[in-house]
Amino acid sequence: MSLRLRFEPRLRSVGAGEIVLRIAFGVLLALAAGGVVIAMSGHDPVTAYQALFRGGFGSRMAFEGTLNKAVPIGLCALGIALASRAQLTNIGGEGQFYFGAFTATAIGLAMPEATPGWIAIPAVLMAGIIGGGLWALIAAVPKALFGVNEILSTLMLNYICMLWVGYLVRGPWADPMAYSFPYSPPIIDNAQMMPLVGSLHGGLLLLIVATIGVALVDRGSRWGYELRVSGDAPEAARYGGISASAVIISALCFSGAMAGLAGAVELSTTGRLQLGLSPGYGFMGILVAWLAGGRALPILFVSIFYAGLLNGGFSLQVSRVPSSISTILQALILIFVLAAVTLSQYRLRIYRSEAQS
Amino acid sequence: MSIELLLAAALVSATPILYAALGQLLIEKAGVLNLSIEGAMLVGAVTGFVVTSLSGSMVVGLVAAVLAGGVFNAAFAFCVVTLRLNQVVTGLAFSILGAGLSAFIGQAFVGKALPSQMPNLDIPLLADLPFLGPVIFKQDPLVLLAFVLVGVISLFLSRTRPGLLLRTLGESPQTLDSIGIPVIGLRYLYSILGGGLIALGGAYLSVVDTPTWVENMTAGRGWIALAVVIFASWRPGWVMVGAVLFGLVDAYRFRAQASGQAFIDPHFLNMLPYVATLVVLIAMSRPGLKARLRPPAALGLPYDRERR
């Protein structure tokens, strides 16, 4: 007799409650696997996880830092999730982030010093939105015209943009007062977003507004409907008079605009253009969008969770655990949760069959 | 600077890219979109360096790196081929995993030196050839091996039955399945082989070229290799051209920086591989060229027998 395992598709879709359970299960498994790695390196997993948690959520200051980091991750993720409605995979968030930060810097440096804040800050944020959208347009137009694979083109555009910013901050825009640090000069004071409460800045409000906006687009807008139809049933969309080019361009540019806004927020809160502006927010956005199943409200929470993991990673070093543990943990959580969520669409069946004689 | 020296340096710069790109080519020909390449390269680099410095033997170190790359990609294949997880997200996650694991494993070895260096070849007659001698035949053996591999893989794909099966695997896996060839098993095989080659590219950097271990030392070369494969439209001969072009730019940049006489800012030189790939990507989507140069049709699609 032999046993055979098979994954079979489930006939009904799984409820939201069960998805949450499976995500939690995935995180637990990842923590267990990460614990083994920590233990093998001769450290105590419990101490390490305590330090990780304390660094991410353990104090008011830590939590504020986590919320601030959740803003760029969440903004990128929202844009990426919306584009994925139309079956478009935008992995160019990082480039769009930096191009948005670049255009925002250009405006922030060019405005006269006396520009009032109520003009200067929206101008910088708007510049970021437009810049990010324009950078995505470079991938969107060839996709709409010739069907150029946007996964590969947006990936290439990331590195082109990062090198462009590197050129600016070491060349034409290098601040002579910053010694040899590759920074641009600071943008005007009035264009810099100041902390509102404690160290918390206004970006969180933007993220909440954007979350509600994306949720509304999904719920009942014509555009949201067009995105989904052309993603799920391109033939039906064409028959119904939905322009595929318009969907591709609007979805990818919106996606880029959100990443550009994230870049402008980070620029406006730190004041200078530099290559350290993003530790990979554009890439994290992809991962968060997937972990959250692409839905707006879950993205808000998952980005806060992810930001906590990132923030907590810095405090690991204080407890003498290598901070690469936090990187490994990020990857493990992703893989395990992805597996748990994907496998929830299937059920495992065990077949017993008599051996052939 | 002499042209021979520049070319010789270019081939050394091209070698890690070439190994990684050939590995990537095998995986993508099999229909798997492998965005974990940077991670596998780092795993190879750290394994190669650590094992070489512990065992004292470069050969042992390089073999260990190839094995580690195979294991790493087998895990990736388990996720995307068996469990059918999303290839883009899983690839990025494995890329992060490789970066984290390599930093973790290598932290005790940062800044250490290897006991010996890879000796250069000195093939009796060939090394005395006027131009080709110093450019090709006085390099370390791994440079030569990379270029030999280009020919081997090219012939394998175009002239052998397993090569034909590999091409079909990325174009139309259901066809293979219908004649009783195991699609899943073959995807595992090429993921593992490709992972070994990618890791060898990383190990070449840490064991032969630099030779040292620094966190994140591949510095985006995995992504360049990925770009080179697209630039080459999945053809081994053009992969070699792409890698050598990258090597030339890299060697020129290094010398121009050292001598302080650069005509073009190095940032723009570094952009070249990505810009060229983008242009090729757009150019090959034009209707006339599309049939010959497009990506494998099943690239990135998990194979599910019940949903074909």
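A. Fine view of the overall build of chain B. Per the secondary structure count, chain B includes 13 helices and 0 strands. Each helix and strand of chain B, placed in order from N terminus to C terminus, yields the pattern α-α-α-α-α-α-α-α-α-α-α-α-α. Taken against the 2.2 N^0.38 rule, which gives 19 Å for 308 residues, the C-alpha radius of gyration of chain B at 19 Å falls within 12% of a compact globule. Expressed along its principal axes, the backbone C-alpha trace of chain B runs to roughly 60 × 45 × 40 Å. Of all 308 residues assigned to chain B, the portion counted as buried reaches 57%. Long-range contacts, defined as pairs at least 24 residues apart, comprise 76% of the intrachain contacts of chain B with a sequence gap of at least 6. Approximately 12500 Å² of chain B is accessible, and the part contributed by carbon and sulfur atoms is 68%. Side chains of chain B carry 19 positive and 14 negative charges; the gap between the two charge centres is 11 Å.

B. Representation of the overall build of chain A within the structure. A count of helices and strands for chain A gives 13 helices and 4 strands. Against the globule reference of 21 Å for 357 residues, chain A gives a C-alpha radius of gyration of 22 Å, in line with a compact fold. Summarising its shape, the C-alpha atoms of chain A cover approximately 85 × 60 × 35 Å along the three principal directions. Residues counted as buried form 53% of the 357 residues belonging to chain A. Sequence separation of at least 24 residues holds for 81% of the intrachain contacts in chain A that already meet a minimum separation of 6. Within the structure as shown, chain A displays about 16100 Å² of accessible surface, and the carbon and sulfur contribution to it stands at 67%.

C. A look at the interface of chain A and chain B. Contact with chain A, which involves 43 residues of that partner, is made by 41 residues of chain B. Together chain A and chain B conceal approximately 3900 Å² of surface at their shared face, both sides included; 83% is due to carbon and sulfur atoms. When the buried area of chain A at its contact with chain B is split by residue, Leu152, Met156 and Leu163 of chain A rank highest and sum to 16% of it. Summed over the shared surface of chain A and chain B, the number is 0 salt bridges. Examining the composition of the side of chain A that touches chain B, we find that 13 residues originate from one element, helix α6 (residues 150–170) of chain A, more than from any other. Within the side of chain A that touches chain B, the residues separate by chemical class into 33 nonpolar, 8 polar and 2 charged.

D. Expanded view of the nonpolar core. Residue and element names in this part refer to chain A. Ranked by size, the top nonpolar core spans 205 residues in total, and within it Leu75 and Leu155 carry the most contacts. It is α6 that provides the largest number of residues to this core, a total of 13 residues. In this view, Leu75 contacts Leu206, Leu207, Ala210, Met258, Leu261, Ala262 and Val265; residues no more than four positions away in its chain are not counted.

E. The packing of helix α12 (residues 296–316) of chain A against helix α13 (residues 324–343) of chain A, seen in detail. Residue and element names in this part refer to chain A. One can describe the packing of α12 onto α13 by two numbers: an axis separation of 9 Å at closest approach and a directional angle of 155°. When the interaxial angle is binned, α12 and α13 end up roughly antiparallel. Note that α12 runs across α13; the crossing there is right-handed. Of α13, the residues touching α12 (which contributes Phe305, Tyr306, Leu309, Leu310, Gly313 and Leu316) are Ile325, Ser326, Leu329, Gln330, Ile333 and Leu334. Among the residues making up the contact of α12 with α13, the classes are represented as 9 nonpolar, 3 polar and no charged.

F. Region of interest: a nonpolar patch on the surface. Residues and elements named next belong to chain A. The grouping of Leu196, Val197, Leu205, Ile208, Ile212 and Leu216 at the surface amounts to a nonpolar patch, some 570 Å² of accessible area in total. If you list the elements that add at least two residues to the nonpolar patch, you get β2 (195–197) and α7 (203–220). Structurally, the position occupied by Leu196 is in strand β2.

G. Quick peek at the pattern of salt bridges. Residue and element names in this part refer to chain A. On inspection of all chains with the given rule, the structure shows 8 salt bridges over all chains. Residue Asp175 is joined to Arg272 by a salt bridge in which the shortest nitrogen-to-oxygen separation is 2.8 Å. Remark: Arg272 occurs in the loop between α10 (244–270) and α11 (281–291) and Asp175 occurs in the loop between α6 and β2; sequence separation between them is 97 residues. Of the residues examined, Arg272 reaches a relative accessible area of 25% and is grouped as partly exposed.

H. Structural view of the confidence of the model for chain A. In the predicted model, chain A carries a mean pLDDT of 87, and 93% of its residues have values of at least 70. No element of chain A has a lower mean pLDDT than strand β1 (residues 2–9) of chain A, which averages 65, and none a higher one than helix α4 (residues 93–110) of chain A, which averages 96.

I. Looking closely at the confidence of the model for chain B. Predicted confidence across chain B gives a mean pLDDT of 88, with 96% of residues reaching 70 or more. Across the interfaces of the predicted complex, the ipTM metric reaches 0.86, alongside a pTM of 0.88.

J. Spotlight on the packing of aromatic side chains. Enumeration according to the criterion identifies 17 aromatic pairs over all chains in this entry. Look at Phe72 of chain B and Phe94 of chain B: their rings are 5.5 Å apart centre to centre, the planes differ by 75°, and that puts the pair in the edge-to-face class. Residue Phe72 of chain B is found in helix α3 (residues 58–82), and its partner Phe94 of chain B is found in helix α4 (residues 87–106); the two are separated by 22 residues along the sequence. Across the pair, Phe94 of chain B and Phe72 of chain B agree in class, each one buried. An aromatic cluster of three or more residues is present, and its members are Phe99, Phe102, Trp135, Trp164, Tyr167 and Trp173 of chain A together with Phe268 of chain B. The residue whose ring lies beneath Lys112 of chain B is Phe109 of chain B, and the NZ or CZ to ring-centre distance is 5.2 Å.

K. Spatial organisation of α3 of chain B. All names here are of chain B. Counted at 1.5 Å a residue, the expected span for α3 with its 25 residues is 36 Å, and the 35 Å between its end C-alpha atoms agrees. The N-cap residue of α3 is Ser57: its side-chain oxygen and the backbone nitrogen of Val59 are 3.3 Å apart. Count one or two residues on from α3 and you reach Arg84, which has phi positive near 60°.

L. Highlighting the environment of Gly170 of chain B. Residues and elements named next belong to chain B. Of note, Gly170 is situated in helix α7 (residues 161–171). A residue is classified by how much of its surface remains accessible, and Gly170, at 0% relative accessible area, is buried. In this structure, the C-alpha to C-alpha distance between Gly170 and Gly31, residues 139 residues apart in sequence, is 3.9 Å. With residues near it in sequence (within four places) discarded, Gly170 still touches Lys29, Ala30, Gly31, Pro296, Ala297, Ala298 and Leu299.

M. Spotlight on the state of the cysteines. Residues and elements named next belong to chain A. Scanning the entire structure with this criterion turns up 0 disulfides over all chains. No disulfide involves Cys76; its sulfur sits 12 Å from that of Cys161, the nearest cysteine. The class for Cys76 is buried, based on a relative accessible area of 1%.

N. View of the side chain of Arg187 of chain B. Residues and elements named next belong to chain B. Among the secondary structure elements, Arg187 is positioned in helix α9 (residues 183–209). The charged side chain of Arg187 is buried without a salt bridge, its nearest counter-charge being Glu171 at 9.9 Å. Leave out the neighbours within four places in its chain, and Arg187 touches Ala30, Gly31, Val32, Val81, Leu169, Pro173, Ala298, Leu301, Pro302 and Tyr303.

O. Quick look at unusual backbone geometry. Residues and elements named next belong to chain B. Despite not being glycine, Arg84 has its phi angle at roughly 60°, a positive value. In this fold, Arg84 is placed in the loop between α3 and α4. One non-glycine residue with positive phi stands out, namely Ser233, at about 50°. Residue Ser233 is classed as buried on the basis of its relative accessible area, which comes to 5%.

What counts and what doesn't
Residues numbered from 1 in each chain as written. Chains lettered and ligands numbered in written order. Predicted model: local features only at pLDDT ≥ 70, side-chain atom pairs only at ≥ 80, totals over all residues. Heavy atoms only, no water. Helix = DSSP H or I, 4+ residues; strand = E, 2+ residues; numbered from the N terminus. Rg over C-alpha atoms; globule rule 2.2 N^0.38 Å. Buried < 20%, exposed > 50% of the residue type's maximum accessible area, 1.4 Å probe, protein only. Contact = heavy atoms within 4.5 Å. Areas by Shrake-Rupley, 256 points an atom, 1.4 Å probe, with all protein chains shown as cover. Lys, Arg positive; Asp, Glu negative; His and termini not counted. Charge placed at Lys NZ, Arg CZ, Asp CG, Glu CD. Buried area = accessible area lost by both parts, 1.4 Å probe. Salt bridge = Lys/Arg side-chain N within 4 Å of Asp/Glu carboxyl O. Nonpolar A, V, L, I, M, F, W, Y, C, P; charged D, E, K, R; others polar. Core = buried A, V, L, I, M, F, W, Y, C linked by side-chain atoms within 4.5 Å. Axes fitted to C-alpha atoms, helices over the stretch in contact; angles between N-to-C directions. Parallel < 35°, antiparallel > 145°, perpendicular 65-115°, else oblique. Left-handed = near helix turned anticlockwise from the far one by under 90°. Patch = residues over 30% accessible without salt bridge, like charges linked within 9 Å, V, L, I, M, F, W, Y side chains within 5 Å. pLDDT = per-residue confidence, 0-100. Phe/Tyr/Trp six-rings, centres within 6.5 Å; stacked < 30°, edge-to-face > 60°. Lys NZ or Arg CZ within 6 Å of the ring centre and 35° of its normal. Expected span 1.5 Å × (residues − 1). Polar contact = N/O pair within 3.5 Å; in protein donor to acceptor, adjacent residues only side chain to side chain. Disulfide = S-S within 2.5 Å.

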